[in-house]
Amino acid sequence: MSAIALLAFLGTAAAGAGKPQFSVQVRDGSFAGLDGLDPSVSWSGYTDVGDIDIDYGIDAAVQPTDNIASLPKSIWGKASKSFGAWTASVRGEVAGVDFGSAAIEMNADSADDDLSIKVTGSAGGSGFAVSEVQATKGIDSNGARITINPRYNLETEDGDIEIGYSKDDTNVKITASRDAQSVTVSQQIDENNRVAPTLGSDGSVSLEYERSLGDGNSVTATLKPNEAIDIEWKDASWTASINMPVDGMSIGGADVSIKREVSF
């Protein structure tokens, strides 16, 4: 009854905002009875206070329970405001109804300068603690697009930089840190097929292949030798994910997840 009450509340609130999104997912690849299902409902809304835009939403489980407070998986809110060419926003998200701490994300973007800055951290009883800082600078040159994205994690004291280059049907991404480097080259073979091999400085290799099925649907397969084969099939509101461990020439049992989204 509490699950029905929550859906009724979201449906009523949605009259002045967005419609709730309902999804059912197989949990941990388990098909043994209804306990393997993980139904959830997401809802978001929008309003403004003066010149500040406010977005908010909730992601909740849909399960029989007599405690509605146990249903929310996360609750979030976001405030945005423009200052000339810059747009600044702050987003906070709490897990369940634990309002003692929140994950915080702050963004500042300038379309004129092709520059964005993001700071992530957490806020709680001990104040605000920054966990990561990053910036992205874009450069357009001779029909090509170049992006430079330095990142630094204050918790681990590790940093890296990601450089992207795209022109026509080719995209190159280079990620470098003190300990490791990798290069990904994505090539659009034709209208429906794309391949993207990745080489790591540690000798690791992976290959991603994407096949477009039209209307936004696709099948993506990623091979990581001696690790796993991952397949994702998107078909309208259905998403199926398959993970198969690989050890040499041996392929282990598949872990399957199937998700269906329903719009009210």
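Bear in mind that the values here come from a model prediction, so they are computed numbers and not experimental data. (Residues numbered from 1 in each chain as written. Predicted model: local features only at pLDDT ≥ 70, side-chain atom pairs only at ≥ 80, totals over all residues. Heavy atoms only, no water.)

## A few points about the pairing of strand β6 (residues 101-110)
Point 1. In terms of strand pairing, strand β5 (residues 86-95) meets β6 through eight bridges, oriented antiparallel. Bridge pairing in β6 links V90 to M106.
Point 2. The antiparallel pairing of β5 with β6 creates a hairpin that spans five residues between the two strands, and G96 there sits at a positive phi of about 60°.
Point 3. Here ten bridges tie β6 to strand β7 (residues 115-124), and the two strands are oriented antiparallel to one another. From the neighbouring strand, A102 faces β7, where its bridge partner is A123. (Pairing = 2+ DSSP bridges. Helix = DSSP H or I, 4+ residues; strand = E, 2+ residues; numbered from the N terminus.)

## Overview of the nonpolar core
Point 1. Residues V41, W43, I58, A60 and V62 constitute the largest nonpolar core, which totals five residues.
Point 2. Only β2 (37-49) and β3 (52-61) provide two or more residues apiece to this core. (Core = buried A, V, L, I, M, F, W, Y, C linked by side-chain atoms within 4.5 Å. Buried < 20%, exposed > 50% of the residue type's maximum accessible area, 1.4 Å probe, protein only.)

## Details of a nonpolar patch on the surface
Point 1. Residues V90, M106, F128, V130, V133, Y152 and L154 make up a contiguous nonpolar surface patch of about 530 Å² in total accessible area.
Point 2. For M106, the location among the structural elements is in strand β6.
Point 3. Looking at M106, the relative accessible area reads 31%, which means it is partly exposed. (Patch = residues over 30% accessible without salt bridge, like charges linked within 9 Å, V, L, I, M, F, W, Y side chains within 5 Å. Areas by Shrake-Rupley, 256 points an atom, 1.4 Å probe, with all protein chains shown as cover. Salt bridge = Lys/Arg side-chain N within 4 Å of Asp/Glu carboxyl O.)

## What to know about the packing of aromatic side chains
Point 1. Using the criterion set out here, one finds one aromatic pair in the structure.
Point 2. Note on W43 and Y56: the rings are 5.7 Å apart at their centroids and 55° apart in plane angle, and the pair reads as tilted. Of this pair, W43 sits in strand β2 while Y56 sits in strand β3, and the two are 13 residues apart along the sequence.
Point 3. Positioned above the aromatic ring of F83 is the side chain of K81, whose terminal nitrogen or guanidinium carbon lies 5.3 Å from the ring centre. (Phe/Tyr/Trp six-rings, centres within 6.5 Å; stacked < 30°, edge-to-face > 60°. Lys NZ or Arg CZ within 6 Å of the ring centre and 35° of its normal.)

## Concerning unusual backbone geometry
Point 1. Positive phi is not limited to glycine here, since D114 has a value of about 55°.
Point 2. Here D114 lies in the loop between β6 and β7.
Point 3. The residue N226 is not glycine, and still its phi comes out positive at about 60°.
Point 4. Positionally, N226 belongs in the loop between β15 (217-224) and β16 (228-235).

## Side note on the environment of R91
Point 1. Within the secondary structure, R91 is located in strand β5.
Point 2. The exposure class assigned to R91 is partly exposed, which follows from its relative accessible area of 26%.
Point 3. Polar contacts involving the side chain of R91 include one to the side chain of E93, which spans 2.8 Å. (Polar contact = N/O pair within 3.5 Å; in protein donor to acceptor, adjacent residues only side chain to side chain.)

## What about the pattern of salt bridges?
Point 1. In this structure the tally under the stated criterion is ten salt bridges.
Point 2. Salt-bridge contacts for E93 lead to R91; the nearest nitrogen and oxygen are separated by 2.8 Å.
Point 3. By relative accessible area, E93 is classed as partly exposed at 28%.
Point 4. Residue R151 pairs with D160 through a salt bridge whose shortest N-O separation is 3.0 Å.
Point 5. A single salt-bridge network, built from bridges that share partners, covers D114, D140 and R145.

## What to know about the confidence of the model for the protein chain
Point 1. Residues with a pLDDT of 70 or more make up 81% of the protein chain, whose mean pLDDT is 84.
Point 2. In the model, residues 1-7 has pLDDT below 50 throughout and makes 15 contacts with residues more than four positions away in sequence or in other chains.
Point 3. Contacts from residues 12-16, a stretch scored under 50 in pLDDT, to residues over four places away or in other chains number four contacts. (pLDDT = per-residue confidence, 0-100. Contact = heavy atoms within 4.5 Å.)

## Considering the environment of G96
Point 1. As for its position among the elements, G96 is in the loop between β5 and β6.
Point 2. Classification of G96 by relative accessible area gives buried; the value is 12%.
Point 3. Residues G96 and I75, spaced 21 residues apart in sequence, show a C-alpha to C-alpha distance of 6.7 Å.

## Observations concerning the pairing of strand β10 (residues 158-167)
Point 1. Of the pairings in the sheet, the one linking strand β9 (residues 144-153) to β10 comprises nine bridges and is antiparallel in character. From the neighbouring strand, R151 faces β10, where its bridge partner is D160.
Point 2. Taking the residues that link successive antiparallel strands as the turn, the β9-β10 hairpin has four residues, and the phi of E157 there is positive, at about 60°.
Point 3. When β10 meets strand β11 (residues 170-177), the two strands line up antiparallel, connected through eight bridges. Its bridge partner lying in β11, S166 is registered against N171.

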